[in-house]
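Survey of secondary and tertiary structure
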Amino acid sequence: MRFTEPTVGVLMTNPDLTLIAVLLDRSGSMQSIKTDTEGGFAAYLEKQREQPDGVEVTLAQFDNEYECVYANRPIEQVPPLDLQPRGMTALYDAVGRLVTDVGAELAKRPEQQRPGTVIVVVLTDGHENASKEWTHTAVKSLITQQREVYSWNFLFLGANMDAVAIGSEMGFDPRQSITYAAAPQGVSGVFRSAASYSARLRSGGPAPAGFTDAEREQANPGT
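Attention in this report is confined to the structure presented alongside it. These numbers were taken from a predicted model, which means no experiment stands behind them. Residue numbers run consecutively from 1 along every chain, following the written order of its sequence. Confidence filtering applies because this is a predicted model: local features only for residues at pLDDT of at least 70, side-chain atom pairs given and counted only at 80 or more, and all residues used for totals across whole chains, interfaces and linings. With hydrogens and water stripped out, all remaining heavy atoms of the structure feed into the side-chain values.

**Some thoughts on the packing of aromatic side chains**
Keep this limit in mind: Ring geometry is summarised as follows: Phe, Tyr and Trp rings, the Trp one being its six-membered ring, pair when their centres sit within 6.5 Å, and such pairs are stacked at plane angles under 30 degrees, edge-to-face over 60 and tilted between the two. Helix and strand assignments follow DSSP, with helices taken as H or I runs no shorter than four residues and strands as E runs no shorter than two, numbered in order from the N terminus.
Within this structure, the stated rule accounts for 4 aromatic pairs. Between Phe154 and Phe172 the ring centres are 6.0 Å apart and the planes differ by 80°, which places this aromatic pair in the edge-to-face class. Of this pair, Phe154 sits in strand β5 (residues 153-158) while Phe172 sits in the loop between α4 (163-170) and β6 (177-179), placing them 18 residues apart in sequence. Put simply, the rings of Trp152, Phe154, Phe156 and Phe172 touch in pairs and so form one group of aromatic residues.

What follows is the structure, encoded as structure tokens:
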């Protein structure tokens, strides 16, 4: 297990810049919702483009391997998602890698160039089953640190599980965790919910409490 704490300050950050770092599960079980996920991701970004402040996007995908597809790309230059499901679900390794990489990159920037809002979106359709470097305890410590010390926002979107319970065990705020149905309607619904909530986080007003009941219903209809 490799554990390096990011050292990301919060003073003098740029209030007109948001970083959205997305971690997408591409394990083999995602094949059945591949097209829906690609479309949902496109709709999520389109919603973010509606707001006037600047957005940078980082995208990483994982199965039992981790791949950073692009980092800190202006949202206007983000290409369509190409999801190629395969492999198993090394969720802890992927979360640990994404958060430490993003933290290290932001720590190198002058403070006034650091985003005033950081939103990490983690989407998975299954439980951890393949990590080798990061433990549950280490990931929980890392997420908790970034949330409580550096005010990062972590959205946990989980299918085939109780995402609120699983997310809470990993350090995600239960108000920012949401269960979705691994079917076309659920996938499109969870991306719409995440898009609306992310837009509220970027609005500059009081911090929103979390996903609404209506957003939870559209992500997991019939519950």
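**Observations regarding the nonpolar core**
Spelled out, the test is: In this text, buried Ala, Val, Leu, Ile, Met, Phe, Trp, Tyr and Cys residues form a nonpolar core when linked through side-chain atoms within 4.5 Å. Burial classification: accessible surface area is computed with a 1.4 Å probe over protein chains only, and a residue below 20% of its type maximum counts as buried, one above 50% as exposed, and the rest as partly exposed. The criterion used for residue contact is that any of the two residues' heavy atoms lie within 4.5 Å.
Formed by 33 residues in total, the largest nonpolar core has its most connected members in Leu155, Leu157 and Tyr180. Look past the residues within four positions of Leu155 in its chain and what remains in contact with it is Ile119, Val120, Val121, Val122, Phe172, Gln176, Ala194, Tyr197, Ser198, Leu201 and Phe211. One finds Leu19, Leu98, Ala138 and Phe172 within the second-largest nonpolar core, a separate group that totals 30 residues.

**Some details on the sheet that holds strand β1 (residues 14-25)**
Let me state the cut-off plainly: Note on pairing: two strands pair once DSSP finds at least 2 bridges between them. With axes taken as lines fitted to C-alpha atoms, and helix axes fitted only over the stretch in contact, angles between N-to-C directions fall between 0 and 180 degrees.
The 6 strands lie next to each other as β3-β2-β1-β4-β5-β6, forming an open sheet whose pairing is mixed. Each having just a single partner strand, β3 (66-74) and β6 make up the two edges of the open sheet. Strand-to-strand, the axes of this sheet are offset by a mean angle of 15°, without reference to chain direction. The strands touched by helix α1 (residues 34-49) within the sheet are β1, β2 (54-62), β3 and β4 (115-124), with β1 carrying the most contacts at an inclination of about 175°.

**Quick notes on the environment of Arg202**
The line we're drawing: Nitrogen and oxygen atoms within 3.5 Å of one another constitute a polar contact, given that in protein one can donate a hydrogen and the other can accept it, and given that sequence-neighbouring residues count only through two side-chain atoms.
Position of Arg202 among the secondary structure elements: in the loop between α5 (184-201) and α6 (213-219). Assessed through its relative accessible area of 7%, Arg202 is described here as buried. Apart from residues lying up to four places away in sequence, Arg202 is in contact with Thr18, Gln48, Gln51, Asp53, Val55 and Ile119. Within the structure, Arg202 has its side chain in polar contact with the side chain of Gln48 (distance 2.9 Å).

**Quick look at α1**
Think of an α-helix as turning once every 3.6 residues; residues three or four places apart then point the same way. For clarity, the cut-off: To estimate the expected span of a helix, count its residues, drop one, and scale the result by 1.5 Å. The directions from the helix axis to the C-beta atoms are what the arc is built from.
The terminal C-alpha atoms of α1, which comprises 16 residues, lie 23 Å apart, in line with the 22 Å expected from a rise of 1.5 Å per residue. Among the residues making up α1, those that are buried are Lys34, Thr37, Glu38, Gly40, Phe41, Tyr44, Leu45 and Gln48. What you see down the axis of α1 is that its buried residues fit within an arc of 165°, all on one side. Turning to α1, the residues buried within the fold contact β1, β2, β3, β4 and α5.

**Remarks on the packing of helix α2 (residues 91-108) against helix α3 (residues 136-148)**
To be explicit about the condition: Crossing chirality is assigned from the near helix's rotation relative to the far helix, an anticlockwise turn below a right angle marking it left-handed and a clockwise turn marking it right-handed. Polar here means any residue other than Ala, Val, Leu, Ile, Met, Phe, Trp, Tyr, Cys and Pro, which are nonpolar, and Asp, Glu, Lys and Arg, which are charged; Gly is therefore polar.
Two elements in contact, α2 and α3, have axes whose closest approach is 10 Å; the angle formed by their N-to-C orientations is 35°. When the axes of α2 and α3 are compared, the crossing they make is left-handed. Contact with α2, carried on its side by Tyr92, Val95, Gly96, Val99 and Thr100, involves His136, Val139, Leu142, Ile143 and Gln146 of α3 and no other residues of that element. Of the residues in the contact of α2 with α3, the class split is 6 nonpolar, 4 polar and no charged.

**Things to note about unusual backbone geometry**
Its identity as a non-glycine residue notwithstanding, Asn72 has a phi of 55°, on the positive side. Here Asn72 is to be found in strand β3. Here Asn72 falls in the partly exposed class, since its relative accessible area comes to 21%.

**Side note on the pattern of salt bridges**
Cut-off, in case you're wondering: Should a side-chain nitrogen of Lys or Arg be within 4 Å of a carboxyl oxygen of Asp or Glu, the pair is scored as a salt bridge.
Here the structure, examined in full by the defined rule, presents 15 salt bridges. One salt bridge connects Arg26 with Glu67, and the closest N-O pair in it is separated by 2.6 Å. In this pair, Arg26 sits in the loop between β1 and α1 while Glu67 sits in strand β3, placing the two residues 41 residues apart along the sequence. You can call Arg26 buried: its relative accessible area is 5%. What emerges from the salt-bridge pattern is a single network uniting Arg26, Asp63, Glu65, Glu67 and Arg86.

**Considerations on the side chain of Asn153**
Mapping Asn153 onto the fold places it in strand β5. We classify Asn153 as buried; its relative accessible area is 14%. At 3.3 Å, the side chain of Asn153 forms a polar contact with the side chain of Gln176. Once residues lying within four places of it in the same chain are set aside, the contact partners of Asn153 are Thr117, Val118, Ile119, Val120, Gln176 and Leu201.

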